[in-house]
Amino acid sequence: TKKQVDIQRLEELDKKHFLHPTTSIKEQQEAGPAFIFQTGKGIYLEDMKGTTLIDGMSSLWNVNVGHGREELADAAKEQMAKLAFTSCFSTFSNEPAILLAKKITDLAPAPLTAVFFTSGGSEANDTAYKLARHYWLLKGQPERKKIISRTKSYHGVSMGATSATGLQGFREFTKSLAPDFHFVDHFDTGALRRLIEAEGPETIAAIIAEPVQGAGGVHVAPKDYFKEVKDICTQYGILLITDEVITGFGRTGKWFGMEHYGVIPDMMCFAKGITSGYVQLGGVMISEQIHNDLKELSSGTLLHGYTYSGHAMACAVGLKNIELIEKENLVENARARGEQLLKSLEWIKSERKIVSAVRGLGLMAALDFVDQNQQPFQPPVSPFIFKEAAKLGLICRAVTLNAQDTIVLAPPLIISKEETEKIIHILKEAIKTVE
Ligand code: PLP
């Protein structure tokens, strides 16, 4: 039919012209696009061939209010027709950016009072590193240059964000990275202290950490971990930057992931969930104290700014998205459905020998796999489970980086009890096929 011919043509064009992000080029060239998505509604996606799948990853952990929300389309259209974009450089401003800055600093813990907007998470992290370094220059401590990050961390792909990323594959992609980034084991506060002492505390600008490590395989920190990290920061005068790009705006069952640990950072990076992915937006919230210091000590221009910092239409969508999260109690739903999901995964683990561990917080969850002798599968099974699940109508994610063999789930925050059960059912069937 004509439609089949159209799809075939698109598949060929995709192979020829579209360099996909974070993709095996070989696989893309051999197989072409597995799905050319066309529409989305709630937790479901439909491709051009009419295949329907549950978006068990909220696409990239970000479509939190679900697909196809007219309210967000209307907010975008209204603002775009009125004023899509104007500069926020210098003393120019716009209403949606001002109101969104006010709204998110009201939602965040009290000391975080000001926002710098970016287009996404990598830019948010780069901004945080640059602000931290600039802050120490203004404070007369120019030797505070180093940023400490952690193993299994993911902070994005700009030069600064990749330099802070602990997942080895991303670092090896270019090998030459920004200087002054150091790594410690992700949950080892003893190693953190030793590293700081060895490098010299007066040379450390900041520590960056995800409240729950997402791309690294959903690693949830032990209960007291972040309190200890914060104490170490306070003791040595080091800034704490938290990367809430995934965990911000309800994903973990609280507005921000760090609330689970009772720790307030000096800077907080966010992106993804701020607009549920409907339009590109991210940023960094900074504490009132840092803001005051910058105001007091800075004499020249803050020479850091993206064209799209404070994009009017993006901010209008952000405001509407937060309104939906509040109106529909999605933070609470993420908590309740997250508990259901984790309990069900524990049940799968009790039934299936090859599941060696289950982790999660809110609507972020993971299962690890080992063979019948408790040894790593060679090759890893998670990519096969991922493919089987897709055949059965579920998108999940396989993580094999850093010698892991893990399936990850992060469905939209609007998911219902029945839909959560559906995910569990499909996943269980997919796991059976590799046993
Ligand atoms: N930080 C974290 C924790 C992330 O998960 C991501 C993306 O997945 C990023 C930063 C990078 O964000 P972006 O892809 O919007 O640049």
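Calculation criteria
- Residues numbered from 1 in each chain as written.
- Predicted model: local features only at pLDDT ≥ 70, side-chain atom pairs only at ≥ 80, totals over all residues.
- Helix = DSSP H or I, 4+ residues; strand = E, 2+ residues; numbered from the N terminus.
- Rg over C-alpha atoms; globule rule 2.2 N^0.38 Å.
- Buried ≥ 20, exposed ≤ 12 C-beta atoms within 10 Å, placed from the backbone.
- Near = placed C-beta within 6 Å.
- Nonpolar A, V, L, I, M, F, W, Y, C, P; charged D, E, K, R; others polar.
- Pairing = 2+ DSSP bridges.
- Core = buried A, V, L, I, M, F, W, Y, C linked by C-beta atoms within 7 Å.
- Domains from an automatic or database assignment.
- Contact = placed C-beta atoms within 7 Å.
- Axes fitted to C-alpha atoms, helices over the stretch in contact; angles between N-to-C directions.
- Parallel < 35°, antiparallel > 145°, perpendicular 65-115°, else oblique.
- Left-handed = near helix turned anticlockwise from the far one by under 90°.
- Expected span 1.5 Å × (residues − 1).
- Arc of directions from axis to C-beta.

1. Some remarks on the overall build of the chain
Part 1 of the reasoning: Counting its regular elements, the chain contains 15 helices and 17 strands.
Part 2 of the reasoning: For a compact globule of 435 residues, the expected C-alpha radius of gyration is about 22 Å, and the chain comes in at 22 Å, within 12% of that figure.
Part 3 of the reasoning: Every one of the 435 residues in the chain was classed for burial, and the buried ones make up 45%.

2. Points about the site of the ligand
Part 1 of the reasoning: Around the ligand sit 16 residues in total, of which Gly-120, Gly-121, Ser-122, Gly-156 and Val-245 are the nearest.
Part 2 of the reasoning: It is helix H6 (residues 121-138) that contributes the most residues to the shell around the ligand, 3 residues altogether.
Part 3 of the reasoning: Partitioned by chemical class, the residues of the shell around the ligand number 6 nonpolar, 8 polar and 2 charged.

3. Considering the sheet that holds strand S1 (residues 37-41)
Part 1 of the reasoning: The strand order across the open sheet built from 4 strands is S1-S2-S3-S15, with neighbouring strands paired in mixed fashion. On the outer flanks of this sheet lie S1 and strand S15 (394-395), each paired with one strand and no other.
Part 2 of the reasoning: In the sheet, S1 pairs with strand S2 (residues 44-47) via 4 bridges, with the strands oriented antiparallel. From the neighbouring strand, Lys-41 faces S2, where its bridge partner is Tyr-44.

4. A short note on the nonpolar core
Across soluble globular proteins, nonpolar side chains have a tendency to be buried as a group.
Part 1 of the reasoning: Ala-132, Ile-207, Ile-241, Met-267 and Val-284 are the most contacted members of the largest nonpolar core, which has 113 residues in total.
Part 2 of the reasoning: The biggest single contributor to this core is helix H12 (residues 312-327), with 9 residues.
Part 3 of the reasoning: Residues from two domains meet in this core; each of domain 1 (34-65 + 329-432) and domain 2 (70-327) gives at least three.
Part 4 of the reasoning: Apart from the residues within four sequence positions on either side, Ala-132 is in contact with Ala-205, Ala-206, Leu-239 and Ile-241.

5. What about the packing of helix H4 (residues 70-83) against H12?
Part 1 of the reasoning: Orientation of H4 relative to H12, taken along the N-to-C sense of each, is 150 degrees, at an axis distance of 8 Å. If you check the angle between H4 and H12, you find them roughly antiparallel. At the point where H4 passes H12, the crossing takes the right-handed sense. Residues Glu-71, Leu-72, Ala-75, Ala-76, Gln-79, Met-80 and Leu-83 of H4 lie in contact with H12, whose contacting residues are Ala-312, Met-313, Ala-316, Val-317, Lys-320, Asn-321 and Leu-324.
Part 2 of the reasoning: Its residues assigned to classes, the contact of H4 with H12 comprises 10 nonpolar, 2 polar and 2 charged.

6. Points about the pairing of strand S10 (residues 239-243)
Part 1 of the reasoning: The element S10 is extensively covered by neighbouring structure, given that 5 of its 5 residues are classed as buried.
Part 2 of the reasoning: The alternating pattern of S10 places Leu-239, Ile-241 and Asp-243 and Leu-240 and Thr-242 on opposite faces, both of which are buried.
Part 3 of the reasoning: For strand S7 (residues 204-209) and S10, the ladder comprises 4 bridges, and the chain directions are parallel. When the sheet's bridge partners are listed, Ala-209 is paired in S10 with Thr-242.
Part 4 of the reasoning: Of the strand pairs in this sheet, S10 and strand S11 (residues 267-270) are connected by 3 bridges, and their pairing is parallel. Bridge assignment links Asp-243 to a residue of S11, and that residue is Cys-269.

7. Comments concerning helix H10 (residues 225-236)
Part 1 of the reasoning: Along its 12 residues, H10 runs 17 Å from first to last C-alpha, staying within 8% of the 16 Å computed at 1.5 Å per residue.
Part 2 of the reasoning: Listed as buried for H10 are Phe-226, Val-229, Lys-230 and Cys-233. Seen end-on, H10 carries its buried residues on one side only, within an arc spanning 100 degrees.
Part 3 of the reasoning: Here the buried face of H10 lies against helix H9 (189-199), S7 and S10.

8. Thoughts on unusual backbone geometry
Part 1 of the reasoning: The amide bond that connects Gln-378 to the next residue, Pro-379, takes the cis arrangement and shows omega of -10 degrees.
Part 2 of the reasoning: On the secondary structure map, Pro-379 appears in the loop between strand S14 (364-369) and helix H14 (382-391).
Part 3 of the reasoning: Even without being a glycine, Thr-22 presents a positive backbone phi close to 40 degrees.
Part 4 of the reasoning: Within the secondary structure, Thr-22 sits in the loop between helix H1 (2-17) and helix H2 (25-31).
Part 5 of the reasoning: Its identity is not glycine, yet Asn-329 carries a phi of approximately 50 degrees, on the positive side.
Part 6 of the reasoning: Here Asn-329 shows up in the loop between H12 and helix H13 (330-351).

9. Quick notes on the environment of Ser-119
Part 1 of the reasoning: Take Ser-119: it is sitting in the loop between strand S4 (112-118) and H6.
Part 2 of the reasoning: Expressed as a C-alpha distance, the spacing of Ser-119 and Ala-108, which sit 11 residues apart in the sequence, is 20 Å.
Part 3 of the reasoning: In contact with Ser-119, other than residues within four places in its own chain, are Gln-280, Leu-281, Gly-282, Tyr-306 and Tyr-308.

10. Remarks on the domain arrangement of the chain
Part 1 of the reasoning: Here the domain parsing of the chain yields domain 1 (34-65 + 329-432) and domain 2 (70-327).
Part 2 of the reasoning: Summarising the inter-unit geometry, the C-alpha centres of domain 1 and domain 2 are found 27 Å apart.
Part 3 of the reasoning: On the domain 2 side, the residues contacting the 26 residues of domain 1 number 26 residues.
Part 4 of the reasoning: Residue assignment for the side of domain 1 that touches domain 2 shows that the elements contributing at least two residues are helix H3 (58-61), H13, strand S13 (355-361), S14 and strand S17 (406-409).
Part 5 of the reasoning: Here the element with the most residues in the side of domain 1 that touches domain 2 is H13; it accounts for 5 residues.

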